[in-house]
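# Examination of the molecular architecture
Here is what each chain is made of, one letter per residue.
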Amino acid sequence: MQQQQIQDRHTSFGILGKAEVLCNTWRRLQSKSVSLLQSMTNIVAQRAATLDQPSTLEHHGVHMSRLVYKQQESLESLIQDLHSVLELFDKVKRDWAQLDQEAARHVIKCTTRPLLLQTKPAPLSTHSLIQVTAVTPAQVQDMISQLAYMHNEEFNYKAMLLSTLPSNMSNQDQIQQLVDRWDAETHIDTSLQEQVAERIK
């Protein structure tokens with residue numbers, strides 16, 4: 001019984017450790033994607049300024065058509081990069097789904113053991129030690145399930161936002177609104193991510 005509790009605890013903490021890695025990976029991708037979007041916002045603002053002041057450009061010997069072409073090239077490159085980052089978000093989303101299945105299997109394994117193994121008490125000192133840092137398989141599965149769902153929802157929202165990107169690049173206000181929505185990550189509860197990190201300290 002005691003050995004089984006220790007093994008269950010080890011498995012639970014292993015699952016939470018994987019969850020923390022996925023949270024950190026998602027955060028890095030979020031930071032990269034926001035940086036790409038902010039670069040796009042800057043180029044859209046530059047393009048607007050270019051088109052608003054052609055005489056100033058000519059005065060400084062800058063060819064407006066060449067500048068607009070370079071700006072467009074830069075935008076297209078950034079959009080491609082953002083699509084690549086979205087593919088990485090998709091991989092993390094799929095990893096969350098796999099981790100959710102792993103956590104569910106762990107709960108099933110722990111709850112379908114013979115009753116004898118579940119009811120035999122461990123010595124108090126060992127039992128107390130295990131309980132101090134214990135997180136039940138059901139608690140782990142609940143956290144992972146919620147996190148997997150939230151990241152799936154946020155991924156779908158980001159994919160939808162990315163699909164609207166071309167129609168939101170006509171002015172700086174439009175693209176900034178899109179960046180703000182992307183950056184908000186309204187589908188993800190950061191307090192749950194913090195709980196995972198706290199549990200494995």
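Conventions we followed
- Residues numbered from 1 in each chain as written.
- Predicted model: local features only at pLDDT ≥ 70, side-chain atom pairs only at ≥ 80, totals over all residues.
- Heavy atoms only, no water.
- Core = buried A, V, L, I, M, F, W, Y, C linked by side-chain atoms within 4.5 Å.
- Buried < 20%, exposed > 50% of the residue type's maximum accessible area, 1.4 Å probe, protein only.
- Helix = DSSP H or I, 4+ residues; strand = E, 2+ residues; numbered from the N terminus.
- Contact = heavy atoms within 4.5 Å.
- pLDDT = per-residue confidence, 0-100.
- Phe/Tyr/Trp six-rings, centres within 6.5 Å; stacked < 30°, edge-to-face > 60°.
- Lys NZ or Arg CZ within 6 Å of the ring centre and 35° of its normal.
- Salt bridge = Lys/Arg side-chain N within 4 Å of Asp/Glu carboxyl O.

## Observations regarding the nonpolar core
Within the largest apolar cluster, 44 residues are counted, with the highest numbers of intra-cluster contacts made by Met40, Trp96, Ile144, Leu165 and Trp182. Among the elements of the structure, helix H1 (2-52), helix H3 (64-111), helix H6 (137-164), helix H7 (172-184) and helix H8 (190-199) are those that each provide at least two residues to this core. Looking at this core element by element, the count peaks at 14 residues for H1. The contacts of isoleucine 144, once residues within four sequence positions are left out, are Ile15, Leu16, Ala19, Trp96, Leu99, Asp100 and Ala103.

## Topic: the confidence of the model for the protein
When pLDDT is averaged across the protein, the result is 88; 88% of the residues are at 70 or more. Per-element confidence in the protein ranges from a low mean pLDDT of 47 for helix H5 (residues 124-132) to a high of 97 for H6. Every residue in residues 127-132 scores below 50 in pLDDT, and together they form seven contacts with partners more than four places removed in sequence or on other chains.

## What about the packing of aromatic side chains?
By the definition in use, this model includes two aromatic pairs. Ring geometry for phenylalanine 89 against tryptophan 182: centres 6.4 Å apart, planes inclined by 65°, an arrangement best described as edge-to-face. Remark: tryptophan 182 occurs in helix H7 and phenylalanine 89 occurs in helix H3; sequence separation between them is 93 residues. Residue phenylalanine 89 is classed as buried on the basis of its relative accessible area, which comes to 0%. Residue tryptophan 182 is classed as buried on the basis of its relative accessible area of 1%. Ring pairing ties together the aromatic residues Trp26, Phe89 and Trp182, which thus form one cluster. The lysine or arginine in question, arginine 9, covers the ring of phenylalanine 13, its NZ or CZ lying 4.8 Å from the ring centre. The aromatic ring of phenylalanine 89 is capped on one face by lysine 158, whose charged end is 5.6 Å from the ring centroid.

## Regarding the environment of glycine 14
Among the secondary structure elements, glycine 14 is positioned in helix H1. For glycine 14, a relative accessible area of 34% corresponds to the partly exposed category. When the C-alpha positions of glycine 14 and isoleucine 200 are compared, they lie 8.9 Å apart, and in sequence the two are 186 residues distant.

## Quick word on the pattern of salt bridges
Applying the stated criterion to the full structure yields seven salt bridges. Where lysine 91 meets aspartate 95, a salt bridge forms, and the shortest distance between an N and an O atom there is 2.9 Å. Within this pair, lysine 91 and its partner aspartate 95 are both found in helix H3, separated by four residues, close to a single helical turn. Lysine 91 gets classed as partly exposed once you look at its relative accessible area, which sits at 43%. One salt-bridge network, in which partners are shared between bridges, spans Asp90, Lys93 and Arg94.

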